[in-house]
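# Structural overview for review
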Amino acid sequence: MIIKIRKDGKSYLVVTPDILIIGTRLPFDVFAKVENIIKPLFKRGTLLAPTTKMILQKRGVREMYIDAAHSAALLLYLKKESGDILPDFDPREFLRYSTKKEEHHQIERKLLIPGERITFSLYLLNGISITPLIEATALRPAMINQGITRAEGDIMIKKSDLPLYLEFVDDLLRSGALSGTGADTMREVALKEKSKAVMRGIIDDPRSGERIKEAIGLVGSITDCILNRRNALYNLLSIEQYDYYTYTHSVNVGVLSIGLGIDVGLEKEEVQYLGIGSLLHDVGKSAVPHEILNKEGKLSDIEYRIMQTHVVEAQKILSTQEEFPAKSLAAVVEHHERLSGKGYPSGLTADRISLFGRITAISDCYDALTTQRPYRAAFTPFYALSVLVDEIDDYDAEILQKFVIMLGKV
């Protein structure tokens, strides 16, 4: 039975988890009541896995809510039996998109202040389509308009325009355009953008000692930022992107691990060692072919084994860098190890996995789950944390509890 209620000024249809059809993609957003507040549970496009209903049962979710405006979509969904509701992409189209994506760089729309002039073109990524938004060059600058910030999708620039974009960010900081109300927020966003650019450079040239040194300096700035202003953590995260980018994921994992390191009581110096390792944890992906990194859907057994080599590759790269501290290596080589012994590359068990490895494993898995891909929706924070809790044999329970508390605002 479906009933209609009104909550917080909105109309919802109330359903039970029984209506979920395993193997289908949801054609609407689904919400749940958490501490008497209706919060996102599943995003539109979420592919329902066999464990979904079991996790909801363990979390005590007995009712779900769907925007009443989607009542027709709900009725159509209830007639489905199995299979995807959303069409899959043509593999050839997806490969072309993946290649094109590597030529672009995702940027933060908060810094695109209407009225400011830019000397680089802007593009919009939505699904597997990258289309021009504003054309601009150093000789023919353009003005940012209000509509740009409302465009649905990821805002992109040409990878070759990264120096121009960073110059634009520095000009905003120098000119005072980021002063006044919300100035701290904007400066933190600017720090995030610089960190993403540095990580992009490292992934392109992982043996650049100069770039590794620059990344280490940024970890110090991020650590100071979070220590001085706790809410900075949320501004340093990219949580609304429409696709996965290794450089953005690296910064997110670094920020989450630094925040978690502070919360478990590490001294500042130790937090920085942790931050360096977690920021650079995926540097070995520079040795993995783009076709595998950006593949649509599940990897084959051979592709998965190739993907797993990124941990050992990262160890090889960073072990030769004089600037990289040996203490930070544990976060790199252990971020895919699991307390149950089911991780890789060494199959370490609980007593052999370091604190850095335990922290980075949680941050890495959470960010991967909550990042959207063109072929699947991101997990909501609530559901992603529920998945981690359900796999508690793999993760440190005390650290995970602190992680859940830390992400309360997200």
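Residues numbered from 1 in each chain as written. Predicted model: local features only at pLDDT ≥ 70, side-chain atom pairs only at ≥ 80, totals over all residues. Heavy atoms only, no water.

## Some remarks on the layout of surface pockets
- The volume enclosed by the largest pocket comes to roughly 1700 Å³.
- Looking at the largest pocket, it is lined by 46 residues, and the ones nearest its centre are Y304, A368, L369, R373 and R376.
- Listed by contribution, the elements that provide at least two residues to the lining of the largest pocket are α1 (52-58), α11 (290-293), α12 (301-319), α14 (355-369) and α15 (381-390).
- Of the residues in the lining of the largest pocket, the class split is 21 nonpolar, 8 polar and 17 charged. (1 Å grid on protein atoms, 1.4 Å probe; cavity = no way out; pocket = protein on both sides within 12 Å on 5 of 7 lines; lining within 4 Å. Points joined across faces, edges and corners; volume = space filled by probe spheres on them. Helix = DSSP H or I, 4+ residues; strand = E, 2+ residues; numbered from the N terminus. Nonpolar A, V, L, I, M, F, W, Y, C, P; charged D, E, K, R; others polar.)

## Details of the sheet that holds strand β8 (residues 122-126)
- A sheet is described by the order of its strands in space; here 4 strands give the open sequence β6-β11-β8-β9, paired in antiparallel fashion. Here the strands that pair on one side only, and so sit at the sheet edges, are β6 (104-107) and β9 (129-134). Looking at each pair of strands side by side, their axes are set apart by 40° on average, direction ignored.
- Summarising the sheet, β8 and β9 pair through 5 bridges and their orientation is antiparallel. The residue of β9 that forms the bridge with L124 is T131. (Pairing = 2+ DSSP bridges. Axes fitted to C-alpha atoms, helices over the stretch in contact; angles between N-to-C directions.)

## As for a nonpolar patch on the surface
- On the surface, I2, L75 and L78 cluster together to form a nonpolar patch covering roughly 250 Å² of accessible area.
- Structurally, L78 can be placed in helix α2 (residues 71-78).
- With a relative accessible area of 37%, L78 lands in the partly exposed category. (Patch = residues over 30% accessible without salt bridge, like charges linked within 9 Å, V, L, I, M, F, W, Y side chains within 5 Å. Areas by Shrake-Rupley, 256 points an atom, 1.4 Å probe, with all protein chains shown as cover. Salt bridge = Lys/Arg side-chain N within 4 Å of Asp/Glu carboxyl O. Buried < 20%, exposed > 50% of the residue type's maximum accessible area, 1.4 Å probe, protein only.)

## Quick look at the packing of α14 against helix α16 (residues 397-406)
- Contact pair α14 / α16: the axes reach a minimum separation of 10 Å and the direction vectors enclose 45°. Relative to α16, the element α14 lies oblique. In the crossing of α14 with α16, the sense of the turn from one axis to the other is right-handed. Each of L355, R358, I359, I362, S363 and Y366 in α14 lies in contact with α16, whose residues at this interface are I399, L400 and F403.
- Grouping the amino acids of the contact of α14 with α16 by side-chain chemistry returns 7 nonpolar, 1 polar and 1 charged. (Parallel < 35°, antiparallel > 145°, perpendicular 65-115°, else oblique. Left-handed = near helix turned anticlockwise from the far one by under 90°. Contact = heavy atoms within 4.5 Å.)

## Overview of empty space enclosed by the protein
- As enumerated under the stated definition, the model contains 2 cavities of 30 Å³ or more in all.
- Within this model, the largest cavity holds a volume of roughly 70 Å³.
- Lining of the largest cavity is provided by F94, Y97, K101, D243, Y244, L293, N294, K295, R373, P374 and Y375.
- Ranked by the residues each element gives to the lining of the largest cavity, the list is headed by helix α3 (residues 91-101), at 3 residues.
- Residues that form the lining of the largest cavity fall into these classes: 6 nonpolar, 1 polar and 4 charged.
- Each pocket or cavity is described by its volume, and for the second largest cavity that value is around 30 Å³.
- Lining the second largest cavity are E334, E337, L339, I353, G357, R358, A361, I362, D394, Y395 and D396.
- Of the residues contributing to the lining of the second largest cavity, the split by class is 5 nonpolar, 1 polar and 5 charged.

## Topic: the packing of aromatic side chains
- Tallied over the entire structure, the rule returns 12 aromatic pairs.
- Arranged with centres 5.9 Å apart and planes meeting at 70°, the rings of Y12 and F31 form a pair that is edge-to-face. Of this pair, Y12 sits in strand β2 (residues 10-15) while F31 sits in strand β3 (residues 30-34), and the two are 19 residues apart along the sequence. Of the two residues, Y12 and F31, neither departs from the other in class, the shared state being buried.
- Taken together, the aromatic side chains of Y12, F31 and Y65 make up a single cluster linked through ring pairs.
- Over the ring of Y245 we find K101; its NZ or CZ atom is 5.1 Å from the centre of that ring. (Phe/Tyr/Trp six-rings, centres within 6.5 Å; stacked < 30°, edge-to-face > 60°. Lys NZ or Arg CZ within 6 Å of the ring centre and 35° of its normal.)

## Some remarks on helix α5 (residues 162-175)
- Given a rise of 1.5 Å per residue, 14 residues ought to cover 20 Å, and the 20 Å separating the end C-alpha atoms of α5 matches this to within 8%.
- Every buried residue of α5 is accounted for by L162, Y165, F168, V169 and L172. Down the axis of α5, the sector holding all buried residues measures 120°, keeping them to one side. With respect to the buried face of α5, the exposed residues turned more than 90 degrees away are P163, R174 and S175.
- Of the surrounding elements, those touching the buried residues of α5 are β6, β7 (117-118), β11 (154-158) and α6 (183-204).
- Of the residues flanking the end of α5, it is G176, one or two places downstream, whose phi is positive at about 85°. (Expected span 1.5 Å × (residues − 1). Arc of directions from axis to C-beta.)

## Describing the pairing of β8
- Extensive coverage of β8 is indicated by the burial of 4 of its 5 residues.
- Linking β8 back to β9 in an antiparallel pair, the connection comprises 2 residues, with G127 at a positive phi of about 70°.
- Of the pairings in the sheet, the one linking β8 to β11 comprises 3 bridges and is antiparallel in character. Note that in β11 the partner of L125 across the bridge is D154.

All we've got here are geometric facts, nothing functional implied.
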